[in-house]
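Given next are the chains, with one letter for each unit.
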Amino acid sequence: MSETTEQRPSEETAVTPEAPETPGTSETPARTPFGLVGGVVKTARPRQWVKNVLVFAAPFFAFSKSTDRTGLLIDAIIAFVAFSLVASSVYLINDAVDVEADRAHPTKRNRPIAAGIVPVPVAYGAAVVFFLAGLGVSFTASWQLAVVLGVYEAVQLGYCFGLKHQPVVDLAIVGSGFLMRSIAGGVAGGIALSQWFLLVTAFGSLFMVAGKRYAEIMLFERTGAKIRSSLKKYSASYLRFVWATSAAILIMSYCLWAFEIRQTEHNSVWALISMVPFLVAVLRYAVDVDGGIAGEPEEIALKDRILQVLGATWVVTLSLSFYL
């Protein structure tokens, strides 16, 4: 009798229909207003706003010759804020579209939408709010900036809703996002951009994107994690070819840009010196790419102290070529 009475409660517990509906024990976590807002903010990925510092590149190089430096700085800050808001709207839409695939991923399943913290309709609604807020902010600088943001959003939406599954096209679209950041900083301040500067931005972006995809391939080979369909059409050797080629063109374009700076900035030798930390930084980052750990470029930039020192040295030497 004692065994029977001990077994019955466990059997009743196993078949009770109310248990899955208890908050916090179902597949969908219990939601609170603070948790929902926090989930939306996390999905907006404010840590990735570090990418948007590219909007300051063109204003930085034009600052020494500007007749309205205060206005130029304000326009650059506006471009940064506007691009951050618009980029966050893309992150929200991307995670909402990829919710099922993310749930099968070893790390992406912890994202708020995939984890059920943020409902998909709420994510779409928040994306609209972020985009309209960014567009509204952009008009305070120039209508051209609003056009760039509109083009960026359109291209990225195409990526989210299908083009991400097209090999090579996905690399080009993600890389174009960095290029548009640089262009946004230029149009916000009415700055003419150097062709070599644009090439440096374009191939630097492709270098990072190919490295990110290479890291995903390495993760798949190590853990068998589910990957996006476009990556199934890539091989690790092909992605190595892409990022190696991009790195070579990046370095060449930067060297040509440095020579151009020297000719236009009082024959300053600092532009040529800046090639050294730039080259070493690219090779340093290539170590992470080659190791398959460049899946999150912003994480490397925030944690690699040597890379930070090289970056700071490059900024100082390049600044001296413009301001000394």
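About the thresholds
Residues numbered from 1 in each chain as written. Predicted model: local features only at pLDDT ≥ 70, side-chain atom pairs only at ≥ 80, totals over all residues. Heavy atoms only, no water. 1 Å grid on protein atoms, 1.4 Å probe; cavity = no way out; pocket = protein on both sides within 12 Å on 5 of 7 lines; lining within 4 Å. Points joined across faces, edges and corners; volume = space filled by probe spheres on them. Helix = DSSP H or I, 4+ residues; strand = E, 2+ residues; numbered from the N terminus. Nonpolar A, V, L, I, M, F, W, Y, C, P; charged D, E, K, R; others polar. Buried < 20%, exposed > 50% of the residue type's maximum accessible area, 1.4 Å probe, protein only. Contact = heavy atoms within 4.5 Å. Salt bridge = Lys/Arg side-chain N within 4 Å of Asp/Glu carboxyl O. Phe/Tyr/Trp six-rings, centres within 6.5 Å; stacked < 30°, edge-to-face > 60°. pLDDT = per-residue confidence, 0-100.

**Q** Could you give me a rundown of the layout of surface pockets, with the residues and numbers involved?
**A** In this structure, the second largest pocket spans a volume of roughly 1200 Å³. If you go around the second largest pocket, you meet 34 residues; those closest to its centre are Val53, Leu54, Met208, Phe278 and Trp314. Only helix H3 (57-62), helix H9 (195-223), helix H10 (236-264), helix H12 (275-290), helix H13 (297-303) and helix H14 (305-323) provide two or more residues apiece to the lining of the second largest pocket. For the lining of the second largest pocket, the class distribution of residues is 26 nonpolar, 5 polar and 3 charged.

**Q** Requested: an account of the environment of Trp257, with residues and values cited.
**A** Looking at the element boundaries, Trp257 is found in helix H10. Exposure remark for Trp257: the relative accessible area of 5% places this residue in the buried category. Here Trp257 is in contact with Phe61, Ser194, Trp196, Phe197, Val200 and Leu318, once residues within four sequence places are set aside.

**Q** Got a sec to walk through the pattern of salt bridges? Specific residues and values, please.
**A** Following the criterion strictly, the structure yields 8 salt bridges and no others. For Arg45, the salt bridge identified is with Asp95, shortest N-O distance 2.4 Å. Separated by 50 residues along the polypeptide, Arg45 in the loop between helix H2 (33-43) and H3 and Asp95 in helix H4 (residues 69-97) bring together distant segments of the chain. Residue Arg45 is classed as buried on the basis of its relative accessible area, which comes to 14%. The network of salt bridges with common partners includes Arg45, Asp95 and Arg111.

**Q** Tell me about the packing of aromatic side chains, and please be specific about residues and values.
**A** Summed over the entire model, instances satisfying the criterion amount to 16 aromatic pairs. A centroid spacing of 6.4 Å and a plane angle of 65° characterise the contact between Tyr214 and Trp243, whose relative ring orientation is edge-to-face. Here Tyr214, found in helix H9, pairs with Trp243, found in helix H10; they are 29 residues apart in sequence, far enough to count as distant. Note on Phe278 and Trp314: the rings are 5.9 Å apart at their centroids and 50° apart in plane angle, and the pair reads as tilted.

**Q** Describe the confidence of the model for the chain, with residues and values.
**A** When pLDDT drops low, the exact placement of atoms in the prediction is not to be read closely. Confidence along the chain averages 83 in pLDDT terms, with 87% of residues attaining 70 or more. Mean pLDDT values over the elements of the chain span from 43, in helix H1 (residues 2-15), up to 94, in helix H7 (residues 143-160). Note on residues 1-26: pLDDT is under 50 here. Beyond four places in sequence and across chains, it has 5 contacts.

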